[in-house]
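Residues per chain, in single letters:
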Amino acid sequence: MTTTTVELTGVSHWYGNVVAVNDITLTVGAGVTGLLGPNGAGKTTVLHMMAGFLPPSQGEVRLGGHPSWRNPEIYRQLGLVTERESMPGFLTAWEFVLASAKLHRLADPRQAASRALDIVELGESQHRRISTYSKGMRQRARVAAALVHDPAVLLLDEPFNGMDPRQRLHMMDLLHQMSEEGRTILFSSHILEEVEQLSGTVQVIVAGRLAASGDYRHIRRLMTNRPHVFTIQSSDDRLLATVLMRQESVSGVELEPAGIQVRANDYGTFTRALAKVARDEHVRLIGLQPADESLERVFSYLVAT
Amino acid sequence: MNLTITRITARALLGRKRALLLLPMPALLIGLTLLANGTGVPAADWGPIVLGEMGITVILPLTALIVGSSVLGLEIEDGTITHILAKPLPRREIVLSKLFVAWGVTTLAAAAPLAVAGAIAGGPGLALGLLGGATLGALAYSAVFLAFSLLSRRPVAIGLIYIMLWENLLVRFASGAKVLSVQRYTTATADTISPSELLNATLPGVVAAALAVAVIAAGTMLATMRLRSFALTGETS
């Protein structure tokens, strides 16, 4: 599948005097990307602009090279699942997804609807009215309708809301699979574990601004103003702690039952020095783990700055 | 026009409790006509009140308001409009489909009963005139109220202001206001198709029909323009 990108160039959006999104430039390409941010940061505004449901007050939003705003043609390659859950409850999931297929003017709408419902595992309940569905089932029906035309780009606003753990795993597998097929998938979430499990690539929005963009582990390494924390297990923790304190790249060491915790000012210098120090002191390294490279920690640093 | 949108809209409209609001009005109109006709009083004495003051002035616009403001307005209110808008469809096609449903339902719920009442009061000629006039009026009202539902979050309030203040008050005191009165187009068209003493036409039929067509075109174009620039508002995160 050819990659279709979503590009924002110098995009701002304001509601009256309130600036919701402030001068954001980003590109979302093939694969799964998480759109992260605290509540009220502007995630939904960004998604709505990408999906052509809000005009940028300033800047340009393009999907597959075409402007998103006032351009219904973009929906040929875009599938959208909004956060708002409203659906026509008087329809069955089959009718709802089939209507979507027909509105996309697909060659074989019945076959496309059937395939989409199978993907989200709603086949058995497809002839029940949507009003009788649980929250998770409604969400899956909405995803089926968004997938029915096999879009190259999928935008999902809080897609895991209301899903039980099994359904979440299934949805994650589905998104992974679609990303491997070369689709561009952007999903917003405020649940960091979901983003961590699904994607290494994030776009972090804080107070309407793009705070960081890219692989969150890489983002962490670029935060030179915060010491990197490592947990190390070795054959002689006390000796290793002593010699590590002599290193300029180390700002602190703590001895703990599970090993030693080292705070390093410089990621590159420390990781290079560690091996040399251990070899010189005849200390065998058993384990070395970055202790603050989790998305949660990276996110907390970004939100705090 | 799009059959899928038409079908879903009709099901949404006729499946809601709001559709029940449409039943008492035609029943009342036909019931009152039968009652008045049964008294033996000449139709000239009660016809203008029952057919004109009640049928054309109240029942037709109120029915069109309930229906016309619902076909798109309710979807905008509950957010289901995004399911239709996120499709590669010309916005004109969506508006025309919605307008068609609003027109059809209003015709069935108001124009047809008006024709039945006309048949009872004045025979098949009057019935035909009322059917023609009210069908045109139903389309014009639907286009206006559909446009209101895209112009404001309170289309029913604006529609009521139009019916009550413009059509029933202003038109009486400022005769120029009648050029923008769908009620006057309806009466004039009905009277042109089948001239009757029971109808009180104040506009020439051709002028009324031309103005009605202009209002329908303007309402449809305005609604299409607004839908093209439809922005999702509400919760943001």
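All values derive from a computational prediction rather than experimental measurement. (Residues numbered from 1 in each chain as written. Chains lettered and ligands numbered in written order. Predicted model: local features only at pLDDT ≥ 70, side-chain atom pairs only at ≥ 80, totals over all residues. Heavy atoms only, no water.)

Engineer: Can you lay out the domain arrangement of chain A for me, pointing to particular residues and giving the numbers?
Structural biologist: Residue and element names in this part refer to chain A. Splitting chain A by domain gives domain 1 (6-215) and domain 2 (223-304). Inter-centroid distance (C-alpha atoms) of domain 1 to domain 2 is 40 Å. Interface of domain 1 and domain 2: buried area, both sides summed, is about 720 Å²; carbon and sulfur atoms make up 84% of it. For domain 1, the biggest contributors to the area lost against domain 2 are L192, E196 and V206; these three give 52% of the whole. Counting every contact that joins domain 1 to domain 2 gives zero salt bridges. (Domains from an automatic or database assignment. Buried area = accessible area lost by both parts, 1.4 Å probe. Salt bridge = Lys/Arg side-chain N within 4 Å of Asp/Glu carboxyl O.)

Engineer: Would you mind going over the pattern of salt bridges in detail, with residue names and values included?
Structural biologist: Residue and element names in this part refer to chain A. Applying the stated criterion across every chain yields a total of 12 salt bridges over all chains. Residues K276 and D280 are paired through a salt bridge, measuring 3.5 Å at the closest nitrogen-oxygen approach. Of this pair, K276 and D280 both sit in helix α9 (residues 267-280), four residues apart, which is roughly one turn of that helix. The exposure class of K276 is partly exposed, given its relative accessible area of 49%. (Helix = DSSP H or I, 4+ residues; strand = E, 2+ residues; numbered from the N terminus. Buried < 20%, exposed > 50% of the residue type's maximum accessible area, 1.4 Å probe, protein only.)

Engineer: I'd like a description of the sheet that holds strand β6 (residues 78-81) of chain A, backed by residues and values.
Structural biologist: All names here are of chain A. Taken together, the six strands give an open sheet; going across it, the order is β6-β7-β8-β3-β9-β10, and neighbouring strands pair in mixed fashion. In this open sheet, the two strands that pair with only one neighbour each are β6 and β10 (209-215). Between one strand and the next, the sheet's axes are offset by a mean angle of 15 degrees, whatever the strand orientation. Alignment of β6 against strand β7 (residues 153-157), held across four bridges, turns out to be parallel. Among the inter-strand pairings, L80 is bridged to a residue of β7, identified as L155. (Pairing = 2+ DSSP bridges. Axes fitted to C-alpha atoms, helices over the stretch in contact; angles between N-to-C directions.)

Engineer: Outline unusual backbone geometry, listing residues and values.
Structural biologist: Residues and elements named next belong to chain A. Of note in this structure, D23 is not a glycine but carries a positive phi near 50 degrees. In this fold, D23 is placed in strand β2 (residues 18-28). Despite not being glycine, H282 shows a phi value in the positive range, around 55 degrees. Judged by relative accessible area, which is 71%, H282 ranks as exposed.

Engineer: Quick rundown of the environment of A:A41? Include the residues and the values.
Structural biologist: With respect to the element layout, A:A41 can be found in the loop between β3 (31-36) and α1 (43-50). Between the alpha carbons of A:A41 and A:G208 there is a distance of 5.3 Å; along the sequence they are 167 residues apart.

Engineer: Tell me about a nonpolar patch on the surface, and name the residues and values.
Structural biologist: A contiguous nonpolar surface patch, about 680 Å² in accessible area, is contributed by B:V156, B:L160, B:I161, B:M164, B:L165, B:L169 and B:F173. Looking at the secondary structure, you find B:I161 in helix α8 (residues 155-173). (Patch = residues over 30% accessible without salt bridge, like charges linked within 9 Å, V, L, I, M, F, W, Y side chains within 5 Å. Areas by Shrake-Rupley, 256 points an atom, 1.4 Å probe, with all protein chains shown as cover.)

Engineer: If you had to explain the interface of chain A and chain B to someone new, which residues and values would you point to?
Structural biologist: The interface of chain A with chain B comprises 36 residues on the first partner and 29 residues on the second. Here chain A meets chain B over a buried area of about 2,900 Å², counting both sides, of which 59% is carbon and sulfur. Broken down residue by residue, the surface that chain A buries against chain B is led by A:F53, A:R84 and A:L103, which jointly contribute 25%. Counting across the chain A and chain B interface gives two salt bridges. One salt bridge connects B:E93 with A:R105, and the closest N-O pair in it is separated by 2.5 Å. Listing elements by their share of the side of chain A that touches chain B, those giving two or more residues are α1 and α2 (93-103) of chain A. Broken down by element, the side of chain A that touches chain B gets its largest block of residues, six residues, from α2(A). (Contact = heavy atoms within 4.5 Å.)

Engineer: Provide a residue-level description of the sheet that holds strand β5 (residues 66-67) of chain A, including the pertinent values.
Structural biologist: Residue and element names in this part refer to chain A. The strand order across the open sheet formed by four strands is β2-β1-β4-β5, and the pairing between neighbours is antiparallel. Where the open sheet ends on each side, the last strands, each with one partner, are β2 and β5. Pairing of strand β4 (residues 58-63) with β5 involves two bridges; the strand directions are antiparallel. Bridged to R62 within β5 is P67. Each of β1 (6-15), β2 and β4 is contacted by α1, which is oriented at about 120 degrees to β1, the strand it contacts most.

Engineer: Give me the lowdown on the nonpolar core, citing residues and values where you can.
Structural biologist: Of all hydrophobic cores here, the largest spans 96 residues; its most connected members are A:L8, A:M50, A:L155 and B:F145. A total of 14 residues in this core trace back to one element, the largest contributor, which is helix α7 (residues 124-151) of chain B. (Core = buried A, V, L, I, M, F, W, Y, C linked by side-chain atoms within 4.5 Å.)

Engineer: Report on the packing of aromatic side chains, specifying residues and quantitative values.
Structural biologist: Throughout the structure, instances matching the rule amount to seven aromatic pairs over all chains. Taken together, a centroid distance of 5.7 Å and an interplanar angle of 40 degrees make the contact between A:F230 and A:Y267 tilted. One end of the pair, A:F230, is in strand β11 (residues 228-234); the other, A:Y267, is in helix α9, with 37 residues separating them in the sequence. Look at A:Y267 and you get partly exposed, because its relative accessible area is 22%. Grouping aromatic residues by their ring pairs yields a cluster made of B:Y141, B:F145, B:F148 and B:Y162. (Phe/Tyr/Trp six-rings, centres within 6.5 Å; stacked < 30°, edge-to-face > 60°.)

Engineer: Explain the packing of helix α3 (residues 43-71) of chain B against α8(B) to me, using residue names and the numbers behind them.
Structural biologist: Residues and elements named next belong to chain B. The N-to-C vectors of α3 and α8 enclose an angle of 160 degrees; their axes lie 9 Å apart at closest approach. Classified by the interaxial angle, the pair formed by α3 and α8 is roughly antiparallel. Like other packed secondary-structure pairs, α3 and α8 cross with a definite hand, here right-handed. Contacts between α3 and α8 involve E53, T57, P61, L62, L65 and S69 from the first element and P155, V156, G159, L160, I163, N168 and R172 from the second. Split by residue class, the contact of α3 with α8 holds seven nonpolar, four polar and two charged. (Parallel < 35°, antiparallel > 145°, perpendicular 65-115°, else oblique. Left-handed = near helix turned anticlockwise from the far one by under 90°. Nonpolar A, V, L, I, M, F, W, Y, C, P; charged D, E, K, R; others polar.)

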